[in-house]
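Architecture and fold: a report
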Amino acid sequence: ATLPVLAFAEDIKCTEEQLIRALMLSHLMVIYIKQSLGRLSALCGCVVAATGSSCGITYLMGGSKMQISYAIKNMIGNITGMICDGAKPSCALKVSSGVSTAMISALMAMENKVVTPVEGIIDEDVDKSISNLTAIGSRGMEETDKLVLDIMTGKSC
């Protein structure tokens, strides 16, 4: 939620105030999503952090409130379902996927391109889209979480 925004801010040489606002937006979005997701979820935390990053990056690109909501919808429409398997080396790969998706989602949003409510879990209302994401991450992935734990504990390493 921090480093992608910081790296983008350095590239565009924004002001300190713009950086602070972008970082606050990123982190507040993560908190907003996480509070509905719950403490533990099989949904990879990278999905949430990268969504916050996409908001901060879109803001730094000069995005409007609507374009920031588009970035959120693009993120939800793209990487929802990425599971946390507790495997730290694969976390780096997931972070890379999240950051590149955050950038793509921001660029699309700036061109007013957005995953529409016709597709999957996206709703016209961005808050409902976030609610759909967190429902999948909490209630929908309960069985996934158990299965991942069974697989991990059943290994003969």
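Residues numbered from 1 in each chain as written. Predicted model: local features only at pLDDT ≥ 70, side-chain atom pairs only at ≥ 80, totals over all residues. Heavy atoms only, no water.

Attention shifts here to the environment of Val126. You can see Val126 is positioned in helix α6 (residues 126-140). Its relative accessible area of 19% is what places Val126 among the buried residues. For the pair Val126 and Ser69, spaced 57 residues apart in sequence, the C-alpha to C-alpha distance is 6.1 Å. (Helix = DSSP H or I, 4+ residues; strand = E, 2+ residues; numbered from the N terminus. Buried < 20%, exposed > 50% of the residue type's maximum accessible area, 1.4 Å probe, protein only.)

Since the α-helix turns once every 3.6 residues, residues separated by three or four places project in the same direction. Compared with the 21 Å implied by 1.5 Å per residue over 15 residues, the 19 Å span of α6 between its first and last C-alpha is a close match. Within α6, the full set of buried residues consists of Val126, Ser129, Ile130, Asn132, Leu133, Thr134, Ala135 and Gly137. Where α6 is buried, its residues touch α2 (16-37), α3 (45-60) and α4 (65-79). (Expected span 1.5 Å × (residues − 1). Contact = heavy atoms within 4.5 Å.)

Formed by 24 residues in total, the largest nonpolar core has its most connected members in Val47 and Ile72. In this structure, Val47 is in contact with Ile79, Met82 and Leu133, ignoring residues within four places of it in sequence. (Core = buried A, V, L, I, M, F, W, Y, C linked by side-chain atoms within 4.5 Å.)

Before going further, it helps to examine the environment of Ile33. You can see Ile33 is positioned in helix α2. Remark: the alpha-carbon pair of Ile33 and Ala102, spanning 69 residues in sequence, is separated by 15 Å. Other than its neighbours up to four places away in sequence, Ile33 contacts Val48, Thr51, Ile130, Leu133 and Thr134.

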